[in-house]
Amino acid sequence: MRFYIRKLVTLISTVLLVSVITFLVFQILPGDPAEIVLGVEADPHQLAELRRTMGLDRPPTERYLSWMKDTVTGDFGSSLRYQRPVADIVAERLPVTVSLSLMSLGLTLIIGLPLGIYIARNDGKFSSMLLSVFTQLGLAVPSFWLAFFVDPAVLGYL
């Protein structure tokens, strides 16, 4: 039972750390969300009112705690880009994401598992080392770069 409690504490700590880092990065990035919504030619009074409405006039700590409370309760806010609730956008795209994840998991099980068993059973042999090097290179190469070699459509051949 202690093992699971430790894992749960580690999970919660990691999620909190990632959320703090994400929040801080978005605080450091240049650009004003109110200007993004209203445009750079907006009236300063409109900008100030929108900043107040968006909560950008509050201290960062207060904004972070409010953001965390809203996130935990399922209120992800509205997208500045799409002017729609973020939860709706995520729900709309979730089926495609899940299907791609399941396909990836399936390919991993179909290809990776037999290769791993083969490499483990033939440890030290040339074929095992060659396959091991090949699989490590496959993991190291960025997927967007690998797409140029795997999919001719990326290069415009089809």
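Reading guide: rules and limits
- Residues numbered from 1 in each chain as written.
- Predicted model: local features only at pLDDT ≥ 70, side-chain atom pairs only at ≥ 80, totals over all residues.
- Heavy atoms only, no water.
- Helix = DSSP H or I, 4+ residues; strand = E, 2+ residues; numbered from the N terminus.
- Rg over C-alpha atoms; globule rule 2.2 N^0.38 Å.
- Buried < 20%, exposed > 50% of the residue type's maximum accessible area, 1.4 Å probe, protein only.
- Contact = heavy atoms within 4.5 Å.
- Areas by Shrake-Rupley, 256 points an atom, 1.4 Å probe, with all protein chains shown as cover.
- Lys, Arg positive; Asp, Glu negative; His and termini not counted.
- Charge placed at Lys NZ, Arg CZ, Asp CG, Glu CD.
- Salt bridge = Lys/Arg side-chain N within 4 Å of Asp/Glu carboxyl O.
- Patch = residues over 30% accessible without salt bridge, like charges linked within 9 Å, V, L, I, M, F, W, Y side chains within 5 Å.
- Phe/Tyr/Trp six-rings, centres within 6.5 Å; stacked < 30°, edge-to-face > 60°.
- Axes fitted to C-alpha atoms, helices over the stretch in contact; angles between N-to-C directions.
- Parallel < 35°, antiparallel > 145°, perpendicular 65-115°, else oblique.
- Left-handed = near helix turned anticlockwise from the far one by under 90°.
- Nonpolar A, V, L, I, M, F, W, Y, C, P; charged D, E, K, R; others polar.

## Observations regarding the overall build of the protein chain
Secondary structure assignment for the protein chain yields 7 helices and 0 strands. Helices and strands in the protein chain line up, N terminus first, as α-α-α-α-α-α-α. On C-alpha atoms alone, the protein chain measures out to a radius of gyration of 24 Å, which is more than a quarter above the 15 Å that the 2.2 N^0.38 rule sets for 158 residues. By principal-axis analysis of the C-alpha atoms, the protein chain measures approximately 70 × 55 × 30 Å. Counting every position in the protein chain, which comprises 158 residues, the buried fraction comes to 11%. Contacts spanning at least 24 positions in sequence make up 26% of the contacts within the protein chain whose residues lie at least 6 apart. Carbon and sulfur atoms form 70% of the exposed surface of the protein chain, whose accessible area is close to 13,000 Å². The protein chain carries 13 positive and 13 negative side-chain charges, and their two centres are separated by 15 Å.

## A short note on unusual backbone geometry
Residues other than glycine seldom take positive phi values, yet Gln-83 does so here, at roughly 55°. Along the chain, Gln-83 falls in the loop between helix H4 (60-72) and helix H5 (86-121).

## Quick notes on the pattern of salt bridges
Evaluation of the coordinates by the stated rule reveals 6 salt bridges. Arg-52 is the partner of Glu-49 in a salt bridge, and the nearest nitrogen-oxygen pair spans 2.5 Å. On the criterion of helical spacing, the pair formed by Glu-49 and Arg-52 is a turn pair, its members being 3 residues apart in helix H3 (residues 44-54). For Glu-49, a relative accessible area of 39% puts it in the partly exposed group. Here Glu-92 makes a salt bridge to Arg-84, at a shortest N to O gap of 2.9 Å. Its relative accessible area of 29% is what places Arg-84 among the partly exposed residues.

## Brief notes about a nonpolar patch on the surface
On the surface, a nonpolar cluster with roughly 730 Å² of combined accessible area is contributed by Val-90, Leu-94, Val-98, Leu-102, Leu-105, Leu-109, Leu-113 and Ile-117. In this fold, Val-90 is placed in helix H5.

## Comments concerning the packing of aromatic side chains
Enumeration according to the criterion identifies 4 aromatic pairs in this entry. With a centroid separation of 5.4 Å and 75° between ring planes, the pair formed by Phe-3 and Tyr-4 is classed as edge-to-face. When its relative accessible area of 58% is taken as the criterion, Tyr-4 is described as exposed. Ring geometry for Phe-23 and Trp-67: centres 5.6 Å apart, planes at 35°, overall tilted. Taken together, the residues span a long stretch of sequence, with Phe-23 in helix H1 (residues 2-28) and Trp-67 in helix H4 at a distance of 44 residues.

## Observations regarding the packing of H1 against H4
Put simply, H1 and H4 touch, their axes get as near as 11 Å, and they point 130° apart. Accordingly, the angle class assigned to the pair H1 and H4 is oblique. When the axes of H1 and H4 are compared, the crossing they make is right-handed. Every residue of H4 that contacts H1 at Leu-16, Ser-19, Val-20, Phe-23 and Gln-27 is listed here: Pro-60, Arg-63, Tyr-64, Trp-67 and Met-68. A per-class count over the contact of H1 with H4 returns 7 nonpolar, 2 polar and 1 charged.

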